[in-house]
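Residues per chain are reported as follows:
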Amino acid sequence: MNFDVFTISAVVDELNEKLLGGKVQDTLEIGADAVGLEIYFNHQRNYLLVSADPQMARLQLVDDKLRRGVETPSPLGLMLRRYVETGRIEAIRQPPYERVVEIMFNGPEGAFTLISEPMERRANILLVRDGIIMDCLRRVGPQDNRVRLSLPGHAYMPPPPQITKRDPATVTGAQLAETLASDPTRPAYRALTDTLLGLSPMLAKEIIYRAVGRADAKSNVVNAGDLFEVFSEVLTPLLAHQWQPGITGG
């Protein structure tokens, strides 16, 4: 499943439109990898699914009432009941170019943040207060990751910044030409994903296909001017949050 930076950006815009200011009436665990929230807003009930499934991690609004999928609640599930139920959603945001969604609640015991990291194998759901992890769906200890721990009582650390990558909003044609020339035999879509923030393989392949007619074209057969023109056509509406729903193959 392709749940990339721009897909998340579109979802965050939808959630802000339909849930911001809403009251959490119920929290439940859908199964081992997902939680659900029933949120009352604008005189109607809305159902938010937050999944950390290793293959289909995502956030989405669903039409039907969510059903509890576990008999014994987990520590995270119990904390959601205590700290999030009856609270109101005060903000929903995505850190720039990150596959992370932060949902801020003001509940009966203060402010809490539910953080969704829909990153396939590394997907996680965490409940955080004042920067400290209260609990999380997947606990990541030092034996799993020496740098970024996900454990109760530890400070929440966001994903490490991709400081070597360029912002697609400011990249120039000359920079794209330089990227292509740096490794002529590299697949052109990899040249984009390796050097630009937020570009998933699927989005990069779509750009290369439109520029050359082949998604698997090598960098040395791609004209930098044509690539920059297509790149701008594809990215400009996405960066401006001008969303259009569609269907695509994986």
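In what follows, the structure referred to is the one given above.
From a predicted model like this one, the values you see are computed outputs, not experimental measurements.

### Description of the packing of helix α5 (residues 201-212) against helix α6 (residues 224-239)
Here is step 1 of the chain: Remark: α5 packs on α6, axes separated minimally by 8 Å, with the N-to-C direction vectors making an angle of 135 degrees. Overall, the two elements α5 and α6 adopt an arrangement that is oblique. α5 and α6 meet at a crossing whose hand is right-handed. Contacts between α5 and α6 pair L203, I207, I208, R210 and A211 from the former with D226, L227, V230, F231, V234, L235 and L238 from the latter.

### So, helix α3 (residues 173-182)
Since the α-helix packs 3.6 residues into each turn, any two residues three or four apart lie on the same face.
Here is step 1 of the chain: For α3, the set of buried residues is L176, T179 and L180. Projected down its long axis, α3 shows its buried positions confined to an angular sector of 95 degrees, all on one face. Turned more than 90 degrees away from the buried face of α3, the exposed residues are A174, E178, A181 and S182.
Here is step 2 of the chain: Where α3 is buried, its residues touch α4 (188-195) and α6.

Reading guide: rules and limits
- Residues numbered from 1 in each chain as written.
- Predicted model: local features only at pLDDT ≥ 70, side-chain atom pairs only at ≥ 80, totals over all residues.
- Heavy atoms only, no water.
- Axes fitted to C-alpha atoms, helices over the stretch in contact; angles between N-to-C directions.
- Helix = DSSP H or I, 4+ residues; strand = E, 2+ residues; numbered from the N terminus.
- Parallel < 35°, antiparallel > 145°, perpendicular 65-115°, else oblique.
- Left-handed = near helix turned anticlockwise from the far one by under 90°.
- Contact = heavy atoms within 4.5 Å.
- Buried < 20%, exposed > 50% of the residue type's maximum accessible area, 1.4 Å probe, protein only.
- Arc of directions from axis to C-beta.

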